[in-house]
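# Examination of the molecular architecture
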Amino acid sequence: MAKQFHITTFGCQMNEHDSERMKGMLESLGYAETGERGDADLILFNTCSIREKADERFIAHLHDAKIIKRGRPGTVIGVGGCWAQSMKDLVFEQFPFVDVAFGPGQVPKLAEFLTTDSISAQGFFEFEGFPAHLPTKRERPHQAWLQISVGCHMKCSYCIVPSTRGRHVSRPFDELVAEAERLVGEGVVEITLLGQNVNAYGRDLRPEPRNFAELLRVVGEIPGIKRVRYTSPHPQDMKRDVIDVHAELDTVCQHIHLPLQAGSSRILKAMRRTYDRERFLDRVAMIREGVPDVAFSTDIIVGFPGETEEDFQQTLEVCEAVQFDSAFTFIFSARRGTEAADITEGLVPHEVKVERMQRLVEVIQRNAHERAQRFVGRTMEVLIEGPSRTDPSRLRGRTTHNKAVNFEGFGEPGTFTTVEIVSATSQTLMGEQSLVDLALR
Ligand code: SF4
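Residues numbered from 1 in each chain as written. Predicted model: local features only at pLDDT ≥ 70, side-chain atom pairs only at ≥ 80, totals over all residues. Heavy atoms only, no water.

## Focus: the overall build of the protein chain
Scanning the protein chain from terminus to terminus reveals 14 helices and 19 strands. Here the C-alpha atoms of the protein chain give a radius of gyration of 22 Å, agreeing with the 22 Å that 2.2 N^0.38 yields for 441 residues. Structurally, the protein chain occupies a C-alpha span of about 65 × 60 × 50 Å along its principal axes. Among the 441 residues that make up the protein chain, the fraction classed as buried is 54%. At a minimum sequence separation of 6, the contacts of the protein chain that also span at least 24 residues come to 70%. Approximately 19,100 Å² of the protein chain is accessible, and the part contributed by carbon and sulfur atoms is 53%. (Helix = DSSP H or I, 4+ residues; strand = E, 2+ residues; numbered from the N terminus. Rg over C-alpha atoms; globule rule 2.2 N^0.38 Å. Buried < 20%, exposed > 50% of the residue type's maximum accessible area, 1.4 Å probe, protein only. Contact = heavy atoms within 4.5 Å. Areas by Shrake-Rupley, 256 points an atom, 1.4 Å probe, with all protein chains shown as cover.)

This is the structure:
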């Protein structure tokens, strides 16, 4: 019987994609995936280290694996991802029951470890190129991640990514286009281009530098592709050439995730975000001029060291000015090895952070609710994802604006339909499948 593996993935889309590659690689080695951690011969964790909470949550899972291994001594436990990279050999000192640890850039080393009868625990933490040769086992057959670069060259003072994923390295242009064409050939209708800062794509390519707008256009023009998304752009590097591609190609989705982080230029400077409040608002205006109906999502950190009530008010003001369609909001927590972790002045008390977070969420939800009303009464094209999470008798899908839609109707995951939107909350649109489409099914 095939050996079984179980993977738990924490964190960002990058990790979700790395886990898809791990699964593809393990299946090519003859392993089979199990949904039960307790039944697995190989228990894997793909970790995140962007926030303290992530570490705490993961450690609880790791102890569960320790108990399983106590009952089944042959079980192999492996820890990959950013937390493993940030800890390196400390993993084995603090958790001696772990057999293998590897950084985000070392996924192929897991196969090496599993195919050699190593009796001692092993760690792999070098940054090596992108494992494009690894097979991928996708979560959704009709949607795919396409990682266009590894690492990041920016120096945001709170961020651990440059130290856990290394410097920015773009993947070769032709290799990416070939992979995108292959994915479309496999029935993928929606591709999401992944990078820590997608706007930096191609600058480092030699002998001929390329740029992100070129890549977006070429992928968006592949026959058979229906939708192209990307994450994350950087407000400093977002240029008009990217917006022109949005405006010219229907396949490029009308949603842009533009991380703000803070509304105060003083705090943005302390975060080393390289743009100020005016630059951010200017980018938003430029984007709305080119793509008037675009949906904006963002990331915001509350309670960065030194943040005063006045600074926080500026964050709320930018939110009111932009009216984001959605936002990921975080309470600042210092990450070991980052510049911000060494700041001792002006630390914001936890209860103040929590109180500010409540006010921010109120503003975000109110804006998102108001923004969502613009879809009511419109007929939207929806990519069906499957049954609704809240009501299995309804279907769930997504618009080009990345808005979730729950609707009554028929259709297979990975197919498109049109839905008349009848109501909207801050998160979800509700609708009915258009009669035309109903008649066709
Ligand atoms: S751009 Fe900044 S926040 Fe984003 S991954 Fe790079 S260093 Fe981190």
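## Here's the deal with a nonpolar patch on the surface
On the surface, F410, L435 and L438 cluster together into a nonpolar patch covering about 320 Å² of accessible area. Of note, F410 is situated in the loop between strand 17 (404-408) and strand 18 (416-424). According to the relative accessible area criterion, F410 is exposed, its value standing at 53%. (Patch = residues over 30% accessible without salt bridge, like charges linked within 9 Å, V, L, I, M, F, W, Y side chains within 5 Å. Salt bridge = Lys/Arg side-chain N within 4 Å of Asp/Glu carboxyl O.)

## Structural notes on helix 8 (residues 212-220)
Among all positions in helix 8, only F212, A213, L215, L216, V219 and G220 are buried. Considered in projection along helix 8, the buried side chains sweep an arc of 165° and stay on one side of the axis. The secondary structure elements touched by the buried residues of helix 8 are helix 7 (173-185), strand 10 (190-194), strand 11 (227-231) and helix 9 (240-248). Sitting at the head of helix 8, N211 places a side-chain oxygen 3.0 Å from the backbone nitrogen of A213. (Arc of directions from axis to C-beta. Polar contact = N/O pair within 3.5 Å; in protein donor to acceptor, adjacent residues only side chain to side chain.)

## Details of the sheet that holds strand 7 (residues 143-147)
Reading across from one edge, 7-10-11 is the order of the 3 strands in this open sheet, with parallel pairing throughout. Both edges of this open sheet fall to strand 7 and strand 11, since each of them pairs with a single strand only. Ignoring strand direction, the axes of neighbouring strands in this sheet form an average angle of 25°. Bridge count for strand 10 against strand 11 is 5 bridges, and the pairing is parallel. If you follow T192 over to strand 11, its bridge partner there is R229. (Pairing = 2+ DSSP bridges. Axes fitted to C-alpha atoms, helices over the stretch in contact; angles between N-to-C directions.)

## Here we look at the packing of helix 12 (residues 309-322) against helix 13 (residues 350-372)
In contact at an axis separation of 10 Å, helix 12 and helix 13 are set at 10° when each is read in the N-to-C sense. Here helix 13 runs roughly parallel to helix 12, going by the angle between their axes. Only R356, R359, L360, V363, I364, R366 and N367 of helix 13 make contact with helix 12, whose side of the interface consists of E309, F312, Q313, T315, L316, C319 and E320. Class assignment of the residues belonging to the contact of helix 12 with helix 13 gives a composition of 6 nonpolar, 3 polar and 5 charged. (Parallel < 35°, antiparallel > 145°, perpendicular 65-115°, else oblique. Nonpolar A, V, L, I, M, F, W, Y, C, P; charged D, E, K, R; others polar.)

## Some remarks on the environment of F125
Note that F125 resides in the loop between strand 6 (122-124) and strand 7. Separated by 77 residues in sequence, F125 and C48 have C-alpha atoms that sit 15 Å apart. Contact partners of F125, with chain neighbours within four places excluded, come to A84, Q85, K88, D89, A101, F102, G103 and Q106.

## What about the sheet that holds strand 18?
Here 5 strands make up a closed barrel; going around it, the order is 15-16-17-19-18 and the pairing mixed. Neighbouring strand axes in the sheet, compared pairwise and without regard to direction, differ in orientation by 50° on average. Judged from the 5 bridges that link them, strand 15 (residues 379-387) and strand 18 form a sheet pairing that is antiparallel. The partner of E381 across the bridge, within strand 18, is T418.

## Some thoughts on the pattern of salt bridges
This model, assessed by the stated rule, comprises 40 salt bridges. When the shortest N-O distance is used, the salt bridge between K23 and E139 registers 3.5 Å. Of the two residues, K23 sits in helix 1 (residues 13-28) while E139 sits in the loop between strand 6 and strand 7, which places them 116 residues apart along the sequence. Here E139 falls in the exposed class, since its relative accessible area comes to 61%. Here the salt bridges do not stand alone but share partners, grouping K23, E27, E33, K137 and E139 into one network.

## Side note on the domain arrangement of the protein chain
Here the domain parsing of the protein chain yields domain 1 (4-124), domain 2 (143-370) and domain 3 (376-433). Summarising the inter-unit geometry, the C-alpha centres of domain 1 and domain 2 are found 28 Å apart. In this complex, domain 1 contributes 19 residues to the contact, which on the side of domain 2 involves 19 residues. Taking both sides of the interface into account, the surface hidden between domain 1 and domain 2 amounts to around 1,700 Å²; carbon and sulfur atoms contribute 53%. Our count for the domain 1 to domain 2 interface comes out at 2 salt bridges. (Domains from an automatic or database assignment. Buried area = accessible area lost by both parts, 1.4 Å probe.)

## Re the environment of S297
With respect to the helices and strands, S297 occurs in strand 13 (residues 295-302). Assessed through its relative accessible area of 3%, S297 is described here as buried. S297 has contacts with H255, I256, H257, L258, F324 and S326, leaving out every residue within four places of it along the chain. A distance of 2.8 Å separates the side chain of S297 from the side chain of H255, its partner in a polar contact.

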